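Below are the chains, spelled out letter by letter.
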Protein chains: 2
Amino acid sequence: MKLRVYVTLKSGVLDPQGEAVRHALAALGFDGVNSVRQGKMIELDLAEQDATKAVSMAEDMCEKLLANTVIESYRIEPV
Amino acid sequence: MKLRVYVTLKSGVLDPQGEAVRHALAALGFDGVNSVRQGKMIELDLAEQDATKAVSMAEDMCEKLLANTVIESYRIEPV
């Protein structure tokens, strides 16, 4: 089954990439951009068909590889 | 208002970053991962309060900066 994993920086963690995008948008003439934060989206296609097992496997992947849980949080959604 | 922009590679476009994640997952012992594709998630906090105007502004941002529309597609969602 297919899952989407969203990995975002925890609030309070500085996001230089998002800040750079905000500056670039301002330079292009977009006013009124209060803040920009950038995260990752990972689409997983797993052979596992059972939703509960697939989500639990994806959680395990997040803890071990996909997210740095010190500064990032993650959210898993079935597609 | 807050919007989330999801930028993904169009299907058919090679995704070396996703492929690298798939290999790393296999090396960690995760079996049954058919494919991995990685995209970007951008959270925008705009001063604009009107939803229609905010989404149209975000579309403009995607066309001009956030997405490379030759190889990437984007999706905008109000939070």
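Read on for an overview of the structure. (Residues numbered from 1 in each chain as written. Chains lettered and ligands numbered in written order. Predicted model: local features only at pLDDT ≥ 70, side-chain atom pairs only at ≥ 80, totals over all residues. Heavy atoms only, no water.)

### Considerations on helix H2 (residues 51–66) of chain B
Defined as follows: We count a stretch as a helix when DSSP gives it H or I for four or more residues in a row; a strand needs E for two or more, and each element gets its number in order from the N terminus. The span expected for a helix works out to 1.5 Å for each residue beyond the first. A 1.4 Å probe rolled over the protein chains alone gives each residue an accessible area, and that area as a share of the maximum for its type sets the label: buried under 20%, exposed over 50%, partly exposed in between. Read the arc as the range of directions from the helix axis to the C-beta atoms. Any two residues having at least one pair of non-hydrogen atoms within 4.5 Å are treated as being in contact. Pairs of N or O atoms within 3.5 Å make up the polar contacts considered here, provided that, within protein, one atom can donate a hydrogen while the other can accept it, and that residues adjacent in sequence are counted only when both atoms are side-chain atoms.
In this model H2 of chain B runs just 19 Å from its N-terminal to its C-terminal C-alpha over 16 residues, more than 12% under the 22 Å that 1.5 Å per residue would give. Restricting attention to buried positions, one finds in H2 of chain B the residues Ala-54, Met-57, Ala-58, Met-61, Cys-62 and Leu-66 of chain B. Looking down the long axis of H2 of chain B, one finds its buried residues gathered within 150° of arc, a one-sided arrangement. Turned more than 90 degrees off the buried face of H2 of chain B, the exposed positions are Thr-52, Lys-53 and Lys-64 of chain B. Structurally, H2 of chain B contributes buried residues whose contacts are with helix H1 (16–27) and strand E2 (33–46) of chain A together with strand E1 (2–9), strand E2 (33–46) and strand E3 (72–78) of chain B. Two to three positions downstream of the cap, the backbone nitrogen of Thr-52 of chain B sits 3.3 Å from a side-chain oxygen, assigning the N-cap of H2 of chain B to Asp-50 of chain B.

### Observations regarding the interface of chain A and chain B
To keep it simple, the criterion reads: Buried area is calculated as the accessible area (1.4 Å probe) missing from two parts once they are joined, with the contributions of both summed. Polar here means any residue other than Ala, Val, Leu, Ile, Met, Phe, Trp, Tyr, Cys and Pro, which are nonpolar, and Asp, Glu, Lys and Arg, which are charged; Gly is therefore polar. Criterion used throughout: strands pair if DSSP finds at least two bridges between them.
If you look at the interface, chain A gives 33 residues, while chain B gives 32 residues. For the chain A and chain B pair, buried surface summed over both sides reaches about 2800 Å², with 66% attributable to carbon and sulfur atoms. When the buried surface of chain A facing chain B is broken down by residue, Phe-30, Met-41 and Asp-45 of chain A rank first, second and third, together holding 21% of it. The interface formed by chain A and chain B contains 10 residue pairs in polar contact (both at pLDDT 80 or more). Ranked by residue count, the leading element in the side of chain A that touches chain B is E2 of chain A, at 14 residues. A class-by-class count of the residues in the side of chain A that touches chain B yields 18 nonpolar, six polar and nine charged. Both E2 of chain A and E2 of chain B contribute to a ladder of 13 bridges, which runs antiparallel. By the bridge assignment, Ser-35 of chain A is partnered in E2 of chain B with Asp-45 of chain B.

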